[in-house]
Each structure stands twice: as structure tokens, then as C-alpha cells.
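Architecture and fold: a report
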Amino acid sequence: MFDPKDLYKLADDAPELPDPVLLYHFDGFVDAGGAGRLALGHLLAELEHRVVATFDVDRLLDYRSRRPIMTFDTDRWVECESPELAVHAARDVTGTQFLVMSGPEPDREWELFTKAVADLVARLKVSKLVTAHGIPMAVPHTRPLGVTMHASRPELINAQTSAFGRVQVPGSVAALLELRLGAEGNDAVGYAVHVPHYLSQAEYPTAAVAALEAVTKGTGLVFPTESLREAARRTNTEIEEQIQASAELSTAIKGLEQQYDAFADGSERENLIAESTPMPTGDELAAQFERFLAERDDE
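Numbering of residues begins from 1 in every chain and follows the order in which that chain's sequence is written. Per-residue local features are limited, in this predicted model, to residues with pLDDT of at least 70; the limit for side-chain atom pairs, both in listing and counting, is 80 or more; totals at the level of whole chains, interfaces and linings are taken over all residues. As a rule here, side-chain values come from all non-hydrogen atoms in the structure, and water together with hydrogens is ignored.

Here's the deal with the overall build of the protein chain
Only DSSP runs of H or I with at least four residues qualify as helices, and only runs of E with at least two residues qualify as strands; both kinds are numbered from the N terminus onward. Tallying secondary structure elements over the protein chain gives 8 helices and 10 strands in all. A 1.4 Å probe rolled over the protein chains alone gives each residue an accessible area, and that area as a share of the maximum for its type sets the label: buried under 20%, exposed over 50%, partly exposed in between. The 299 residues of the protein chain split such that 46% are buried. Contacts are assigned to residue pairs with any non-hydrogen atoms lying within 4.5 Å of each other. Expressed as a percentage of contacts within the protein chain between residues at least 6 apart in sequence, the contacts between residues at least 24 apart total 80%. Accessible surface area values rest on a Shrake-Rupley calculation with a 1.4 Å probe, where residue burial reflects the displayed protein chains alone. Here the protein chain displays about 16200 Å² of accessible surface, and carbon together with sulfur accounts for 49% of that area.

Encoded structure:
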């Protein structure tokens, strides 16, 4: 039998925190607009933090599927960007301590990894696990972004209604953690931000803001978000410039707005995934936005 404790190393000076919340996100699974990645990356960039635990990425990652970047200088190799999967201790703007677990999603040993996280959760006395990511939806960027909540216990999300029924989807380590640790009695909550499908392949800071707002509402943690909101404003300005320059895009967005408003007003549509016709696909809309942003970069 493999010991899950062998998968991670706890820092010698790891602090004893008062029932901290553990926020987590792994790169590699669906994250439309980079919602989860941008949100947790923003926290680590804005808040003072320190590493309290690291995982053995050599055991967990397949380097041939996502090769680390190495730097060659003239006649020799000088640097290798080694991936890190770690847990950080940080404080929010009110001084409340919490934990952030981030890094690449493990490629292997998922069940052993969940046991390692469960052991770490027990050792650090974590009160709640919280994750967030973006999912592509047929919604316009001109309306408030929706958030689908899920949890290990219905009481954690106040029995919120969902647009989704029973579905089968490809699994992720983040979802497996919620499933396995929830079955062991841990509280775990997830927030899936509804990102306009035509923006799902780009960085969309508005989705990260929505993710952090959802986390704040669910945990009471307060985060600095002004720089992230400013990035969202700049991105939305660029999007509006592209829409105004294209009659096709304007028509498509108006169609999505009508669909969204009809749903919000209690129409008979089943959910927001169904698309109106005729309308460009998400890939076609995304391609037009990518060409627009590339032109701006060239300028």
C-alpha cells in the first residue's frame, strides 16, 4: 500500500490556523475565461503568502504531455521552469487567514492524491474546501454572469436551483476532491461561473471577479479586487469596440441578450445552453475576437 503522506511535504514552520478555508484550483481542466486561474493567481499576486506544503509533482505529472519550458543560451541550458503544486497560507484584507492550493492538475494517482489532500486537510484543520472555475455558456457579456453552485451538502448552498439536470461529464481532480472528501464529512463547495461561450478561450477578468465575489459571499473572506476590476473594464472596452465594428457580431450579441432576458423573465426555455438561430457559433465569435485582439497587439 502506498502512503498518501509520501505525496506531500509539510513545511517545518507550518502555522496553526484557526479553522481556515482552503481555496483550490488546478490548471488543466475546463476553465472558461480563465476564471479560476485568474482569481487565485490574483490573490497570490496581491496578498502576502508563504508556502506551507508542496506536492511531489514528479510522481503526479506527465511531463511529456505538458513539457516544462527550458531556456537555452548560446551554447548551454541555463534554466528549467519546474512546475509547482503547493498550498499557501495567506490573509485577506481583514486579516483572516486562509489557504490557497494551486498548480497543475495531477495526471496520475488521483485517488492517492485525494487521500493526501484529505490528510493535509485534517492536519491543517481546514473548515471548508472551496473551488471555482469557468464554464462556457450561451450568454451575453452584457448581462450579469451567472454562477452554478454545487456542494458536498445541500445546506451549504441553500438548496439553490440549477439549470442542469443529471449529466455525465469528463472528471477532474477538483471534482473528485469534492466527492471523496465530502463523503468523509468535509464541507466542500464549488462555483462554476457562466462565461460567454465566445470568450471562453480568452482571459476574461470579469469571470474572475464573479468567482471571487461568489467565494466572498460563501465564506466571508474579503479580497482586494480593484486591479482585477480595472483589467475587466479594459477587456470589456475592447470587446465593445469589436462589436461596434461588426454588424454580424452586434446581431449575434442581441440574439443572446434576447435569449437571456426571455429566460430571466421566466420563459418556457429549458435552460441557457440552448442557442437561438441563426447565430454564429461560439468558435466563430471567438475567432473574430481573437483576430481583433491580435490586430490591437500589432498596433
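Quick look at the sheet that holds strand β8 (residues 128–137)
When DSSP finds at least two bridges between two strands, those strands are taken to pair. Here 8 strands make up an open sheet; going across it, the order is β1-β3-β6-β7-β2-β8-β10-β9 and the pairing mixed. Looking at which strands have only one partner, the edges of the open sheet turn out to be β1 (8–10) and β9 (147–151). Between one strand axis and the next, the sheet turns through 25 degrees on average, direction left out of account. Note: strand β3 (residues 49–55) against strand β6 (residues 86–91), 5 bridges, orientation antiparallel. Within the sheet, the bridge partner assigned to Arg 50 lies in β6 and is Ala 89. Here an angle of 0 to 180 degrees is reported between the N-to-C directions of two axes, which are lines fitted to C-alpha atoms, with helices fitted over the stretch in contact. Against the sheet, helix α1 (residues 35–46) makes contact with β2 (21–27), β3, β6, β7 (97–104) and β8, and its axis sits at roughly 125 degrees relative to β2, the strand it touches most. In this fold helix α3 (residues 110–123) packs onto β1, β2, β3, β6, β7 and β8, with an angle of close to 15 degrees to the strand it touches most, β1.

Considering the nonpolar core
Throughout this description, the term nonpolar core refers to a set of buried Ala, Val, Leu, Ile, Met, Phe, Trp, Tyr and Cys residues connected via side-chain atoms within 4.5 Å. Leu 23, Phe 98 and Phe 223 are the most contacted members of the largest nonpolar core, which has 40 residues in total. For this core, the secondary-structure elements that each account for two or more residues are β2, α1, β7, β8, β10 (188–196), α5 (205–219), α6 (226–244) and α7 (247–264). In terms of residues, this core owes the most to one element, α5, which gives 8 residues. If you look at the next biggest cluster of nonpolar residues, it comprises 32 residues, including Leu 7, Leu 17, Val 57 and Leu 85.

What about the packing of aromatic side chains?
Within 6.5 Å between ring centres, the rings of Phe, Tyr and Trp (the latter by its six-membered ring) count as paired, and their orientation is classed by plane angle as stacked under 30 degrees, edge-to-face over 60, tilted in between. Summed over the entire model, instances satisfying the criterion amount to 6 aromatic pairs. Geometrically, the ring pair formed by Phe 72 and Trp 77 is edge-to-face, given 5.1 Å between the ring centres and 70 degrees between the ring planes. Overall, the relative accessible area of 56% leaves Trp 77 in the exposed class. Here the aromatic cluster, defined as three or more aromatic residues joined through ring pairs, consists of Tyr 8, Tyr 24, Phe 26, Phe 55 and Phe 113.

What to know about helix α4 (residues 173–183)
Those residues of α4 lying buried are Val 173, Ala 174, Leu 176, Leu 177, Glu 178, Leu 181 and Gly 182. In this fold, the buried residues of α4 make contact with β2, β7, α3, β8, β9 and β10. Of the residues one or two after α4, Gly 185 is the one with positive phi, at around 100 degrees.

Quick look at the pattern of salt bridges
Counted as salt bridges are all cases of a side-chain nitrogen of Lys or Arg within 4 Å of a carboxyl oxygen of Asp or Glu. Tallied over the entire structure, the rule returns 15 salt bridges. Residues Asp 13 and Arg 50 are paired through a salt bridge, measuring 3.2 Å at the closest nitrogen-oxygen approach. Separated by 37 residues along the polypeptide, Asp 13 in the loop between β1 and β2 and Arg 50 in strand β3 bring together distant segments of the chain. Of the residues examined, Arg 50 reaches a relative accessible area of 35% and is grouped as partly exposed. Here Arg 153 makes a salt bridge to Asp 187, at a shortest N to O gap of 2.9 Å. Separated by 34 residues along the polypeptide, Arg 153 in the loop between β9 and α4 and Asp 187 in the loop between α4 and β10 bring together distant segments of the chain. Among the residues examined, Asp 187 registers a relative accessible area of 18% and is labelled buried.

Examining unusual backbone geometry
Unlike most non-glycine residues, Asp 19 shows phi in positive territory, near 50 degrees. Of note, Asp 19 is situated in the loop between β1 and β2. Residue Thr 74 is not a glycine yet carries a positive backbone phi of 65 degrees. Relative to the helices and strands, Thr 74 is located in the loop between β4 (70–73) and β5 (76–80).

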